[in-house]
Amino acid sequence: MIKKYLLSILFFPFSLFGAAFLTSNIPLPKTYVMDLDPYPCDEVCLKQYLEHGKIFSFLARANSTTLKTPELQDAKNIYISVFNLGSFTTAKEMRIAMLVPYKKIGKYATTTTQSVFAYLMTRNNAFELKSFSIDNESKEEIQKAIKEIRKEGYRYVIAPMTLKGAHTLIDLQPEFFVYFPTVHKNDCSLAGENFYFGAIDYRAQSEILLKEATSPLVIFYDNSTIGKKLSDIQEKLFLAQNDFFGNTNKQVIKYTIASRMTNLERKLKKNAKLKNASIMLDTPLVKSGMIMSQLTLYEIEPANILSTQINYDPLILSITQYEDRKKMLIANSITVQNKVLVQTNALLDNDIKYDWINYTTTIGIDYFFNLITNLPREYAIEMVENQMIYPIELVKPSVARFEKYNPKTVEESY
């Protein structure tokens, strides 16, 4: 019986997103679990409840106490958020609007909204979340949305928009606060103080990766906007920087990979230029896997294979052989995680562990939550001049997981 109730409650959030991604301003119903057992129950007892699937018995005994075992405390927090247990805090009510150009951002119209919803559920605070969907990012559509948002009194808006849409919204100068999880401030230098930016910094990632590069640098990129932009940035950065020995005589070779291209024989077979080169992959995951497998097929031995956040995805561990990726390094900015939020999102079939747009959306709602309530943030990500600054680490896709890579110093290289 417990499993049936659990299933129906877990499906409840999806019903909220089925039509207009709208949650009502009517508070969610609270659930109370009463402890009717007169006997004491320590953490060993609580663990046994979980192991036997007795979720409500576990909650009845654990709901009012802070647990010493992190795993038990995490489990308690997750189930409290899912079942909306206990009383709300007395902090200010959260009223958050989502401005969603659903035809432009595809699946992220749903997943970014779910990321915000999951975060607000875990904070145990009364909230109202409403999505204002627009067909496109035209000036007229955005003006209409601004009018509606202003009319309904929302002061905090999360807008997962393209760069074009962000520029249009900024030019219209709305009075409310806006957070763009998909845009970096470097691309919107004239934005006012009420605009905040959360996108990761591909340029900063490239700078760190290129410290590991040797000449020639071979860049594979696709025809997407981000592929072309990254390849140009990396070419300029690589040619401008000195290596450990002050060598500035460097070479960059660039190959465009068309979306339907699957056979790279012409580019790779007996290509002496690729021997001991550093290979930069500015291509989507599946295309990157194809390139790496064909490097192995045509017996190309690169110095290393480098990539930005584009290829930080656990699927790379399954679509490539270890032999293909053993020399690969990936720059990653999803370095600060909250276990409860990761698992709560997972219950909604939502990913904030590897998907950087869902992750930066979560960082944004965390920042707004702090501004509104003055309660502590869950993520220690610094905001500098209205831009989130994410730590960057290099990771290696090893046999079964990503492992942190520690770059060698000049002395260690001898």
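The residue numbers shown here count from 1 along each chain, following its written sequence. Where local features are concerned, this predicted model is filtered to residues with pLDDT of at least 70; where side-chain atom pairs are given and counted, the filter is 80 or more; whole-chain, interface and lining totals use all residues. With hydrogens and water set aside, each side-chain value is computed from the structure's full complement of heavy atoms.

## Things to note about the environment of Gly-198
Basically, it comes down to this: A run of DSSP states H or I qualifies as a helix once it reaches four residues; a run of E qualifies as a strand once it reaches two. Both are numbered from the N-terminal end. We call a residue buried when its accessible area falls under 20% of the maximum for its residue type, exposed when it is over 50%, and partly exposed in between, using a 1.4 Å probe and counting protein chains only. Residue contacts follow a heavy-atom distance rule, with two residues in contact if any of their heavy atoms lie within 4.5 Å.
Here Gly-198 shows up in the loop between β5 (195-197) and α9 (202-210). Judged by its relative accessible area of 0%, Gly-198 falls in the buried class. The spacing of Gly-198 and Met-388 is 190 residues in sequence and 5.1 Å in space, taken between C-alpha atoms. In this structure Gly-198 touches Tyr-179, Phe-180, Pro-181, Val-183, Thr-360, Gln-387, Met-388 and Tyr-390, once residues within four positions along its chain are discounted.

## Section: the pattern of salt bridges
Note the cut-off: Salt bridge, as used here: a side-chain nitrogen of Lys or Arg that lies within 4 Å of a carboxyl oxygen of Asp or Glu.
Counted by the stated rule, this structure contains 17 salt bridges. Across the salt bridge formed by Lys-254 and Asp-232, the nearest N and O atoms sit 3.0 Å from each other. Note that Lys-254 is positioned in strand β7 (residues 252-256) and Asp-232 in helix α10 (residues 225-240), a separation of 22 residues in sequence. According to the relative accessible area criterion, Lys-254 is partly exposed, its value standing at 27%. Its relative accessible area of 37% is what places Asp-232 among the partly exposed residues. A salt bridge links Lys-254 to Glu-235, with the shortest nitrogen-to-oxygen separation between them at 3.2 Å.

## Let's talk about helix α3 (residues 55-62)
The buried fraction of α3 amounts to six of the eight residues, a majority that puts the element mostly inside the structure. Three or more residues of α3 are buried, namely Ile-55, Phe-58, Leu-59, Ala-60, Arg-61 and Ala-62.

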